[in-house]
Amino acid sequence: MAKVNDRNLVVGLDIGTSKISVAVGEITLDNQLSIVGVGSQPARGMDKGGVNDLNLVIQSIQRAINEAELMADCHITSVYLGISGKHISCQNENGMVPINDQEVTQEDVDNVIHTARSVPLSAERRMLHVLPQEYSIDCQDGIKSPIGMSGVRMEAKVHIVTCANDMAKNIVKCVERCDVKADQLIFSALASSYGVITDDEKELGICVVDIGAGTMDIAVFTGGALRHTAVIPVAGNQVTSDIAKIFRTPLSHAEDIKVQYACALRQMVSMEENIEVPSVGGRPARSMSRHTLAEVVEPRYHELFELIQEELRQCGLEDQIAAGYVLTGGTAKMEGVVEFAEEVFQMPVRVAAPQRIAGLKEYVNDPTYATVVGLLQYGMQANEQSQSEEKSTEGVTSIGTRILAWFKGEF
């Protein structure tokens, strides 16, 4: 971790299609996450979650890291790194093992997860996450924590997220060229869900959609566990492109117009409101109705929402998300998005900024920072886990088991 004067720091880095964000969090004594530094730069050299130009991406990352280091007064040496892109895929697998001592131990849990994850992967794929969904012991299903329970055999259901090895290598290479180590790669939608949803929503059934510039990252939770993940390579840039083509204005101006004036639902905009639209090739700017802009934007948002709906339909989870949808990411911030999404999905929808944080939270109180703050919360949990594992392997118990193992080996 990035440690200065024994500060317990964790760092997240989210490399998006349009923006690179770095957040530095300090884990306080009462186990709270306090934001102490933030860096944000426009992303150059990225497209739909993949690296297009290595040098441009490295420069953007370096600037964002320098900004965060300055604010947090620390030197960043390692980060939890978000990854997205259409190369991400998921599968649900099962594993089964006999229970050794009639009572489930941590070793049995590790073994059953290892069995479940032992699926053949092609050489060009890499495993990102193996997330337990639930366990069953003999004829009892739906067990969340099996340790200490009695039985003969145990089965585990897990959700496996994989990515293309080359894509992962490229994004890690960019980070390492900035003299920073990537502690772990985390799928962006999973990170976002750590930042914005509650345990109640996970239990009831929720779909988290991170709508960025290049991709829409989806994570579906039901019964407290992750059931489905997906990346749709269509997002906010398509809206910008539509505005640029129809209003014949440069892409940079189209992006500004989208952010400042666009509305996802035309009936929320009055006919009288006009906006200035810059032209190309030195021609004078024109005046356009804001209602016309909404008429351009609405069909594209309708298409984005239908793609999300179709994804849920295909995985058979559309009827299981009673808590509805949580939208994050820059493209979810537009006026009228919640109302339009509720109309399309016929479900409750909310746009969420990061939760459960302290410190400089006004800097990250925005849906665009959901992923990077989620990476911090993921890193914080990973730290806790590794510390508790270290404690459990120390002391008399582990010496006793080693002696027992030695005796078993001798006789």
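Residues numbered from 1 in each chain as written. Predicted model: local features only at pLDDT ≥ 70, side-chain atom pairs only at ≥ 80, totals over all residues. Heavy atoms only, no water.

A. Seen up close, the pairing of strand β10 (residues 153-164). Taking burial as the measure, the 12 residues of β10 include nine buried ones, the bulk of the element. As judged from the 10 bridges shared by strand β7 (residues 89-98) and β10, these two strands associate in the antiparallel manner. Each bridged residue has a counterpart across the sheet, and for Ser-89 the counterpart in β10 is Thr-162. (Buried < 20%, exposed > 50% of the residue type's maximum accessible area, 1.4 Å probe, protein only. Helix = DSSP H or I, 4+ residues; strand = E, 2+ residues; numbered from the N terminus. Pairing = 2+ DSSP bridges.)

B. Representation of the pairing of strand β15 (residues 274-277) in the model. Burial of β15 is one-sided: the residues Ile-275 and Val-277 facing one way are buried, the residues Asn-274 and Glu-276 facing the other way are not. Of the pairings in the sheet, the one linking β15 to strand β16 (residues 286-289) comprises four bridges and is antiparallel in character. The residue of β16 that forms the bridge with Asn-274 is Ser-289.

C. Here's a closer look at a negative patch on the surface. A surface patch of like charges, here negative, comprises Asp-101, Glu-103, Glu-107 and Asp-110. Considering the arrangement of structural elements, one finds Asp-101 in the loop between β7 and α2 (106-117). Note on Asp-101: relative accessible area 56%, which makes it exposed. (Patch = residues over 30% accessible without salt bridge, like charges linked within 9 Å, V, L, I, M, F, W, Y side chains within 5 Å. Areas by Shrake-Rupley, 256 points an atom, 1.4 Å probe, with all protein chains shown as cover. Salt bridge = Lys/Arg side-chain N within 4 Å of Asp/Glu carboxyl O. Lys, Arg positive; Asp, Glu negative; His and termini not counted. Charge placed at Lys NZ, Arg CZ, Asp CG, Glu CD.)

D. A look at the nonpolar core. If you look at the biggest cluster of nonpolar residues, it comprises 70 residues, and the most contacted ones within it are Leu-13, Ile-15, Val-24, Ile-61, Ile-76, Leu-81 and Leu-190. Beyond its immediate chain neighbours, meaning those up to four positions away, Leu-81 contacts Leu-13, Ile-15, Ile-171, Val-172, Val-175, Ala-182, Gln-184, Leu-185, Ile-186 and Leu-375. Of all hydrophobic cores here, the second largest spans 41 residues; its members include Ile-211, Phe-247, Val-277 and Val-297. (Core = buried A, V, L, I, M, F, W, Y, C linked by side-chain atoms within 4.5 Å. Contact = heavy atoms within 4.5 Å.)

E. Representation of the environment of Glu-134. Checked against the element boundaries, Glu-134 lands in strand β8 (residues 125-137). The class of Glu-134 is buried, set by a relative accessible area of 17%. A sequence separation of 21 residues divides Glu-134 from Glu-155, and the C-alpha atoms of the two residues are 8.6 Å apart. Sequence-distant contacts of Glu-134, defined by excluding residues within four places in its chain, comprise Gly-142, Ile-143, Glu-155, Ala-156, Lys-157 and Arg-227. A polar atom in the side chain of Glu-134 sits 3.3 Å from the side chain of Arg-227. (Polar contact = N/O pair within 3.5 Å; in protein donor to acceptor, adjacent residues only side chain to side chain.)

F. Molecular detail of the environment of Pro-233. By the element assignment, Pro-233 lies in the loop between β14 (225-232) and α6 (236-247). Through-space distance from the C-alpha of Pro-233 to that of Asp-47 is 9.7 Å; in sequence the pair is 186 residues apart. In contact with Pro-233, not counting residues within four places along its chain, are Lys-48, Lys-86, Gly-214 and Thr-215.

G. Quick peek at the pattern of salt bridges. Throughout the structure, instances matching the rule amount to 14 salt bridges. With a closest N to O distance of 2.6 Å, Glu-303 and Arg-300 form a salt bridge. Of this pair, Glu-303 and Arg-300 both sit in helix α8 (residues 290-314), three residues apart, roughly one helical turn. Arg-300 gets classed as buried once you look at its relative accessible area, which sits at 19%. Across the pair Arg-313 and Glu-318 runs a salt bridge, and its minimum N-O distance is 3.0 Å. Of the residues examined, Arg-313 reaches a relative accessible area of 45% and is grouped as partly exposed.

H. Quick peek at the confidence of the model for the chain. Per-residue confidence for the chain gives a mean pLDDT of 88, with 93% of residues at or over 70. Scored below 50 in pLDDT, residues 395-411 makes three contacts in the model with residues more than four places away or belonging to other chains. (pLDDT = per-residue confidence, 0-100.)

I. The arrangement of the sheet that holds strand β13 (residues 216-222) in detail. The five strands lie next to each other as β14-β13-β12-β17-β18, forming an open sheet whose pairing is mixed. The sheet is open, and its two edges are formed by β14 and β18 (349-351), each paired on a single side. Taking the axes of each pair of neighbouring strands and ignoring which way they run, one obtains an average angle of 20° across the sheet. The sheet contact formed by β13 and β14 spans seven bridges and is antiparallel. Along β14, the bridge assignment pairs Asp-217 with Val-231. Packed on one face of the sheet, α8 meets β12 (206-211), β13, β14 and β17 (325-328) and runs near 40° to β13. (Axes fitted to C-alpha atoms, helices over the stretch in contact; angles between N-to-C directions.)

J. Spatial organisation of the sheet that holds strand β6 (residues 78-83). Taken in spatial order, the six strands make up an open sheet running β11-β6-β1-β2-β3-β19, and their pairing is mixed. With one partner strand each, in any of the chains shown, β11 (181-187) and β19 (358-359) form the two edges of the open sheet. Pairing analysis gives seven bridges linking strand β1 (residues 9-15) to strand β2 (residues 19-27), with the strands arranged antiparallel. From the neighbouring strand, Val-11 faces β2, where its bridge partner is Val-24. Running over the sheet, helix α1 (residues 54-72) touches β1, β2 and β3 (33-42) and is turned about 145° from β3. Across the sheet, helix α3 (residues 165-176) is in contact with β1, β6 and β11; its angle to β6 comes to roughly 145°.

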